[in-house]
Amino acid sequence: MKLRDNFLWGGATAANQYEGAYLEDGKGLTINDVEMGAEHGKAREIHQTIQADRYYPSHEAVDFYHRYQEDIALFAEMGFKSLRISLSWARIFPNGDDLEPNEKGLDFYDRVFDELLKYGIEPVVTLHHFELPLQLVNKYGAWRNRKLVDLAVRYAQTVMERYKDKVKYWITFNEINALFISKQPWHMAGILYQEGENKVNTMLQAAHHQLVASALTVIEGKKINPDFQFGCMLLYPCTYAATCHPKDQIKAREKLLATYYFGDIHIHGRYTNTCLSYIESLNGHIEFELGDEAILAQGTVDYLSFSYYFSAIEGVSEEIEMAEGNLSSGGRNPFLETTEWGWQIDPIGLRNSLNQLYDRYQIPLFIVENGIGALDKVQKNGTIEDDYRIQYLAQHIKALKDAVEVDQVDLLGYTVWGPIDIVSAGTGEMRKRYGFIYVDKDDEGNGTLNRSKKKSFEWFKKVIATNGESVDLEEVQV
Ligand code: BG6
């Protein structure tokens, strides 16, 4: 089996890391707009209001809001077949609970979609990418509150109705399982745990609300346009047992339960034994409303999308050294090298992940995030020789091709994270760059925002033009 002829090569971004224009044309504040940048390894500072004289990376980000035409022209030049963007809920409903949408916000995304379609680039749209109108935190306690389900569905219906002839591929919640994995629920659910709060029950209940909102979005979306394709989106924490000791195998399996929890509900449409045993292991409790079970059963997704950056190991030994990671982390694997941010590079882990997910769910998969965050050096002549990026991506493309061609996994596409340099979600840094396109901006917010092509730009263009046949594998041994 070959890669599909219409394989969705492209890139993936998120509104709060890319758009900027944080208060323009009626947009309301989001949970990201009160989050400062952080040094590597430190947590981002969050206050529930904006502090004077502090720098907030999302406010300008890299200004896609005003430069979308230039950026999309560059993506088109690389031959992109798809671009994953997220919508900012607060651009459409500034407070989250407004009765009428903000026309200027809707108009912005109309222009973006028109520009993409002009070049034949398929938009892939995430409705919730670690973003929420700040007002929903202050007024309702964010996803703790059932009220968010109705508000999220109103937002989803509004945009699905508006863009029904422009967008086919939808993703409901980005890395929804990160709510359980990261234990930092601000990004995923707008939650800062309060003193004395039962964290487990808050987390389980917030997840339930998101899962119900996701299912209702699918149900309502199919009424608006039966051709819509909906995906769930999981952070896939590929995990190996530290040794062949059976107890290490159990540990490795347990690591994946928080992920399968969400996959099962989105795809099987119910709380499976995996979910129930997970809840019980935490001694947790979820309040269901009448009808929730039917909603989950009906609102199942068409495809499973996921992010993959690294793998890790798990075992019972207390000696296992911890590796770095984003929202997920795990043990250090002596067979793997790491990125400058300490993430373990494991292309074969991508093939393993594709197989594990396809074996379990048997629905089309879509890799919607993969890439390497690196320190790029601009040479005196202005070029950026990012061979390490080419090497990383080439190895991962080889691995996904093995999964499709040898293992016969059904794969819709591959969108590289941050095809243009954008703000890091984890730290707010700019110097951690993923792009094929360099953006002149530093961690303090200085720079012209000018765009320039890195060496990987031409390389990826060739990969797409040959539908993955040419990835210069002789230079990159897996
Ligand atoms: C994923 C997120 O977890 O990882 C993205 O969906 C994020 O929003 C990406 O940017 C890479 O993480 P970071 O911290 O390097 O930006």
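Located above this text is the structure these notes cover.
The following paragraphs examine the structure supplied in this document. Every chain is numbered on its own, with residues counted from 1 as its sequence reads. For this predicted model, a pLDDT threshold of at least 70 governs which residues receive local features, and a threshold of 80 or more governs which side-chain atom pairs are given and counted, while totals over whole chains, interfaces and linings are taken from all residues. Think of the side-chain values as coming from all heavy atoms in the structure, minus any hydrogens and water.

**Overview of the overall build of the chain**
Think of it this way: any DSSP run of H or I at least four residues long counts as a helix, any run of E at least two long counts as a strand, and we number them from the N terminus. Each helix and strand in the chain was counted, giving 16 helices and 12 strands. Just to be clear, the radius of gyration here is over C-alpha atoms, and the globule rule we use is 2.2 Å times residues to the power 0.38. Its C-alpha radius of gyration of 21 Å places the chain within 12% of the 23 Å reference for a compact globule of 478 residues. Throughout, a contact is declared for two residues whenever any of their heavy atoms are within 4.5 Å. When contacts within the chain are restricted to residue pairs at least 6 apart in sequence, long-range pairs at least 24 apart make up 74% of them. Only the protein chains shown count as cover for residues, and all accessible areas are computed by the Shrake-Rupley method using a 1.4 Å probe. In the structure as shown, the chain presents an accessible area of about 18700 Å², 48% of it carried by carbon and sulfur atoms. Measuring between centres, the 49 positive side-chain charges of the chain sit 1 Å from its 70 negative side-chain charges. Positive charge is attributed to Lys and Arg, negative charge to Asp and Glu, and no charge count is given to His or to the chain ends. Charged side chains are reduced to one point each, which is NZ for Lys, CZ for Arg, CG for Asp and CD for Glu.

**Quick look at the side chain of Thr13**
Looking at the element boundaries, Thr13 is found in the loop between β1 (8-12) and α1 (15-18). Not counting residues up to four positions away in its chain, the partners in contact with Thr13 are Tyr18, Arg84, Ile85, Ser86, His129, Trp417, Pro419 and Ile422.

**Notes on the site of the ligand**
As a structural note, the neighbourhood of the ligand is formed by 16 residues, with Gln17, Glu175, Ala425, Lys432 and Tyr434 the closest of them. Within the side chain of His129, an N or O atom sits 2.9 Å from an oxygen atom of the ligand. Between an oxygen atom of the ligand and a side-chain N or O atom of Tyr434, the distance comes to 2.6 Å. Under the convention adopted here, Pro, Cys and the residues Ala, Val, Leu, Ile, Met, Phe, Trp and Tyr are nonpolar, Asp, Glu, Lys and Arg are charged, and Gly plus all remaining residues are polar. For the shell around the ligand, the class distribution of residues is seven nonpolar, six polar and three charged. Distances are taken per atom, and a residue is near a molecule or strand as soon as one of its heavy atoms is within 4 Å of it. Under this definition, polar contacts are N or O atom pairs within 3.5 Å; protein pairs additionally need one hydrogen-donor-capable and one acceptor-capable atom, and for neighbouring residues in sequence, both atoms have to be side-chain atoms.

**Some points on the packing of aromatic side chains**
In summary, the pairing rule links any two rings of Phe, Tyr or Trp, Trp by its six-membered ring, whose centres are within 6.5 Å, and it sorts them by plane angle into stacked for under 30 degrees, edge-to-face for over 60 and tilted for everything else. Under the counting rule described, the total for this entry stands at 33 aromatic pairs. For the ring pair Tyr309 and Tyr434, a centre distance of 6.2 Å and an interplane angle of 70° mean the geometry is edge-to-face. Of this pair, Tyr309 sits in the loop between β7 (303-307) and β8 (312-314) while Tyr434 sits in the loop between β10 (411-417) and β11 (437-439); the two residues are 125 residues apart in sequence, bridging distant segments of the chain. What makes Tyr309 buried here is its relative accessible area of 7%. These aromatic residues form a ring-pair network of at least three members: Phe7, Trp9, Phe75, Phe80, Tyr414, Phe436, Trp459 and Phe460. The rule is short: NZ of Lys or CZ of Arg within 6 Å of the ring centre and within 35 degrees of the ring normal puts a charge over the ring. Of note, Arg91 hangs over the ring of Phe108, and the distance from its end group to the ring centre comes to 5.6 Å. In this structure, Arg360 is placed above the aromatic ring of Tyr260, and the distance from its NZ or CZ to the ring centre is 4.0 Å. Buried residues are those whose accessible area, probed at 1.4 Å on protein chains only, stays under 20% of the maximum for their type, while exposed residues exceed 50% and partly exposed ones sit between those limits.

**Observations concerning the pattern of salt bridges**
A pair is scored as a salt bridge if a Lys or Arg side-chain nitrogen falls within 4 Å of a carboxyl oxygen belonging to Asp or Glu. Overall, the coordinates contain 39 salt bridges when judged by the stated rule. Between Lys2 and Glu469 there is a salt bridge; the shortest N-O distance is 3.7 Å. Of this pair, Lys2 sits in the segment before β1 while Glu469 sits in the segment after α16 (455-465), placing them 467 residues apart in sequence. Assessed through its relative accessible area of 55%, Lys2 is described here as exposed. Among the ionic pairs, Arg54 bridges to Glu45, the shortest N-O distance being 3.2 Å. Given a relative accessible area of 43%, Arg54 falls into the partly exposed group. You can call Glu45 partly exposed: its relative accessible area is 36%.

**Looking at the packing of helix α14 (residues 347-361) against helix α15 (residues 387-406)**
Simply put, an axis is a line fit to the C-alpha atoms, just over the touching stretch for a helix, and the angle between two N-to-C directions goes from 0 to 180 degrees. One way to put it is that α14 packs onto α15 with a least axis distance of 7 Å and a crossing angle of 30°. By the angle class used here, α14 and α15 are roughly parallel. The way α14 lies across α15 gives a crossing that is right-handed. Where α14 approaches α15, its residues Pro347, Leu350, Arg351, Leu354 and Asn355 are matched on the opposing element by Gln395, His396, Ala399, Leu400, Asp402, Ala403 and Val406. Across the contact of α14 with α15, the residue classes tally to seven nonpolar, three polar and two charged. Geometric relationships in this document are graded by angle, where less than 35 degrees denotes roughly parallel, more than 145 denotes roughly antiparallel, 65 to 115 denotes roughly perpendicular, and other angles denote oblique. Crossings are assigned a handedness: left-handed for a near helix turned anticlockwise from the far helix by less than a right angle, right-handed for a clockwise turn.

That's the geometry; what it means functionally is another story.
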